[in-house]
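# What the coordinates show
If you want the building blocks of each chain, they are given just below.
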Amino acid sequence: MSNKKNVLFLGNSGFPYGLAEVQKILLISKCLVSTGNNVTVVCNTGVHKKKDHPEMTETGEFQGIHYIYTSGTPFYHEHLISRNLLKIKGAVKEIQLIIRRARDKKLDYAILSTHQFFSVFIYFILSRLFGFKVILNYVEYSSGIKKEWYRFRTILNDKLFDKYAPLLADGILPISEFLINHLKKIAPKKSYFKIPGLTDYDRYNDIETLEQDKYFLFCGAANYKETVFFIIDSFAALNSCGKDLSLFLVINGNPNDVKDIKDYINSNVKKDSIKFFTKLSDKQLTTYYKNALALLIPLRPTFQDIARFPHKIGEYLGSGNPVISTNIGEVKYYFKDMGEMLIADEYNIDKFAAKMQSVIDDPEAAKKIGEQGKKLGLSIFHYQTKAPEINNFLDKFNHKQ
């Protein structure tokens, strides 16, 4: 049996509630705990609203994972001066925690889930001074995403991160083949282990099947509004779109982006068949997944979508319903069209709508595709299937040996 490892997750301040990156932190942590290791997620800044999560405290446990907010609070402070003072406190206390754990021989690995190059550099220096290993959780290729010229600090950070952050890590956890190919060019000697989007398929236990309206569903962040517009247009292009067929959009994020999406819905000829949801509970969302005709996740031919693996794909597959996507990025490495997924061969409204139409025209065939997708998902994306491999990957860097 492998030696018990002491692991800190560093760099992200959203735990335990958040979007894809926070969910991946949670599931990797659960993998490591299930294989006998100690894990603590360290957040140095409070970002949550107290009205949303009043039960949260400075330290606690979520689904068996211990977490600490070194700023002293998990909540976002409305006042600018207080907020910045808490950020300073959080950064200092985080460093003190790292040093204390390392000196007490209670820190073997730090897994970094951050996109800030300066943070990676600081963690790297600490690792070399105090003798622990650094593993980089690498989930996107930010320098490939075009940005406005005045965001020069972000542009500089992203270029430094994608070029040099992998060189500062002992090991890397890339999410996609695109990022693996990038690593082979800039850091060919670094060890890596690919972790796609992980999901806890137990979320579907005890979720009931309901008799209700037929609907397609998309769930995502409001900053992907271009994708949302594409889905709305694809739904409007369906040949069969009667009163009994709906499009459900579950959207969270920036209020300005949410407003743009709602305005776009209201300008669409099918607006009365489009239902908008936000801030659903996990059980509500899972129930909607379980009862959808099909779940939508079109990927665009952009660096952003080619380099990532949407967390929602794994969640969708667990429903047992068909998933519709495009033949871009990671999709082609895992799925076959009409096998485990319905795949449009281009990011094209008519072609995507045709895949949606096929679900309406042949629901039995679509259901079989959904069942095959779930079977594949359980074998690849359920977090427990990856637990031994992640544990063994960290053992490669065991500095006690």
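Thresholds applied
Residues numbered from 1 in each chain as written. Predicted model: local features only at pLDDT ≥ 70, side-chain atom pairs only at ≥ 80, totals over all residues. Heavy atoms only, no water. Helix = DSSP H or I, 4+ residues; strand = E, 2+ residues; numbered from the N terminus. Rg over C-alpha atoms; globule rule 2.2 N^0.38 Å. Buried < 20%, exposed > 50% of the residue type's maximum accessible area, 1.4 Å probe, protein only. Contact = heavy atoms within 4.5 Å. Lys, Arg positive; Asp, Glu negative; His and termini not counted. Charge placed at Lys NZ, Arg CZ, Asp CG, Glu CD. Expected span 1.5 Å × (residues − 1). Salt bridge = Lys/Arg side-chain N within 4 Å of Asp/Glu carboxyl O. Pairing = 2+ DSSP bridges. Polar contact = N/O pair within 3.5 Å; in protein donor to acceptor, adjacent residues only side chain to side chain. Core = buried A, V, L, I, M, F, W, Y, C linked by side-chain atoms within 4.5 Å. Phe/Tyr/Trp six-rings, centres within 6.5 Å; stacked < 30°, edge-to-face > 60°. Lys NZ or Arg CZ within 6 Å of the ring centre and 35° of its normal.

This part is about the overall build of the protein chain. A tally of regular secondary structure across the protein chain gives 14 helices and 14 strands. For 401 residues, the compact-globule formula gives about 21 Å, and the C-alpha radius of gyration of the protein chain, at 22 Å, lands near that figure. For the protein chain, the spread of C-alpha atoms along the three principal axes comes to 65 × 50 × 45 Å. Here the protein chain holds 401 residues, and the buried ones make up 53% of them. Long-range contacts, defined here as pairs at least 24 residues apart, represent 74% of the contacts in the protein chain between residues at least 6 apart. For the protein chain, the distance from the average position of its 55 positive side-chain charges to the average position of its 43 negative side-chain charges is 7 Å.

Helix length check: helix α6 (residues 225-236) (twelve residues) gives 16 Å between terminal C-alpha atoms against 16 Å at 1.5 Å per residue, within 8%. Taken together, the buried positions of α6 are occupied by Thr 227, Val 228, Phe 230, Ile 231, Ile 232, Ser 234 and Phe 235. Looking at the buried residues of α6, the elements they touch are β9 (214-221), β10 (245-252), α7 (255-266), β11 (274-277), β12 (294-296) and α12 (349-361).

Within this structure, the stated rule accounts for 21 salt bridges. A salt bridge links Asp 282 to Arg 203, with the shortest nitrogen-to-oxygen separation between them at 3.0 Å. Taken as a pair, Asp 282 in helix α8 (residues 282-290) and Arg 203 in the loop between β8 (191-192) and β9 lie far apart in primary sequence, 79 residues in all. Residue classification places Arg 203 among the buried positions, given a relative accessible area of 15%. Ionic pairing is found between Asp 305 and Arg 308, a salt bridge with its closest N-O pair at 2.8 Å. Of the residues examined, Asp 305 reaches a relative accessible area of 0% and is grouped as buried. What makes Arg 308 buried here is its relative accessible area of 15%. Where salt bridges share partners, they join Arg 203, Asp 282, Lys 312 and Glu 315 into one cluster.

Between Phe 15 and the following residue, Pro 16, the backbone shows a cis peptide bond with an omega angle of 0°. Positioned with a positive phi, Lys 105 is a non-glycine residue whose angle comes to about 60°. As for its position among the elements, Lys 105 is in the loop between α2 (80-103) and β5 (109-112). On the accessibility criterion, Lys 105 (66% relative accessible area) is exposed.

As a further point, take the sheet that holds strand β7 (residues 171-174). One open sheet holds the eight strands; their spatial order is β3-β4-β2-β1-β5-β6-β7-β8, and the pairing between them is mixed. Single-partner strands in this sheet number two, and they are β3 (59-62) and β8. Here strand β1 (residues 6-10) runs beside strand β2 (residues 38-43); their pairing, made up of four bridges, is parallel. When the bridges of β2 are listed, Asn 6 appears paired with Asn 38.

Along the chain, Tyr 334 turns up in helix α11 (residues 331-334). Here Tyr 334 falls in the buried class, since its relative accessible area comes to 17%. Sequence spacing of Tyr 334 and Leu 376 is 42 residues, and the spatial spacing of their C-alpha atoms is 8.6 Å.

Take Asn 321: it is sitting in the loop between α10 (311-317) and β13 (323-326). For Asn 321, the side chain forms a polar contact with the main-chain oxygen of Tyr 289, separated by 2.8 Å. Engagement of the side chain of Asn 321 in a polar contact is seen with the side chain of Lys 367, the distance being 3.2 Å. For Asn 321, the residues in contact, after removing those within four places along its chain, are Tyr 289, Lys 290, Asn 291, Ala 292, Leu 293, Leu 295, Tyr 316, Lys 367 and Gly 370.

Here we come to the environment of Leu 299. Of note, Leu 299 is situated in the loop between β12 and α9 (303-307). Residue Leu 299 is classed as buried on the basis of its relative accessible area of 1%. Apart from residues lying up to four places away in sequence, Leu 299 is in contact with Asp 305, Arg 308, Pro 310, Ser 325, Thr 326, Ile 328, Val 331 and Tyr 347.

Another aspect to go through is the nonpolar core. Phe 216, Leu 217, Leu 249 and Phe 335 are the most contacted members of the largest nonpolar core, which totals 87 residues. At six residues, β10 tops the list of elements feeding residues into this core. Sequence-distant contacts of Leu 249, that is, excluding residues within four places in its chain, are made with Phe 218, Val 228, Ile 231, Ile 232, Ile 265, Ile 274, Lys 275, Phe 276 and Phe 277. Core analysis: the next-biggest nonpolar cluster, separate from the first, contains 32 residues, Phe 15, Val 39, Tyr 69 and Ile 390 among them.

Further remarks concern the packing of aromatic side chains. Overall, the coordinates contain 25 aromatic pairs when judged by the stated rule. Centroid distance Tyr 215 to Tyr 288: 6.2 Å. Interplanar angle 85°. Geometry classified as edge-to-face. One end of the pair, Tyr 215, is in strand β9; the other, Tyr 288, is in helix α8, with 73 residues separating them in the sequence. With centroids separated by 5.4 Å and ring planes inclined at 80°, the aromatic side chains of Tyr 289 and Tyr 316 adopt a geometry described as edge-to-face. Here Tyr 289 is found in helix α8, whereas its partner Tyr 316 is found in helix α10, with 27 residues between them in sequence. The exposure class assigned to Tyr 316 is buried, which follows from its relative accessible area of 0%. One aromatic cluster is present, formed by Phe 15, Tyr 17, Phe 62, Tyr 67 and Tyr 69 through successive ring pairs. Geometry around Tyr 333 places Lys 194 over its ring, the cationic atom sitting 5.5 Å from the centre.

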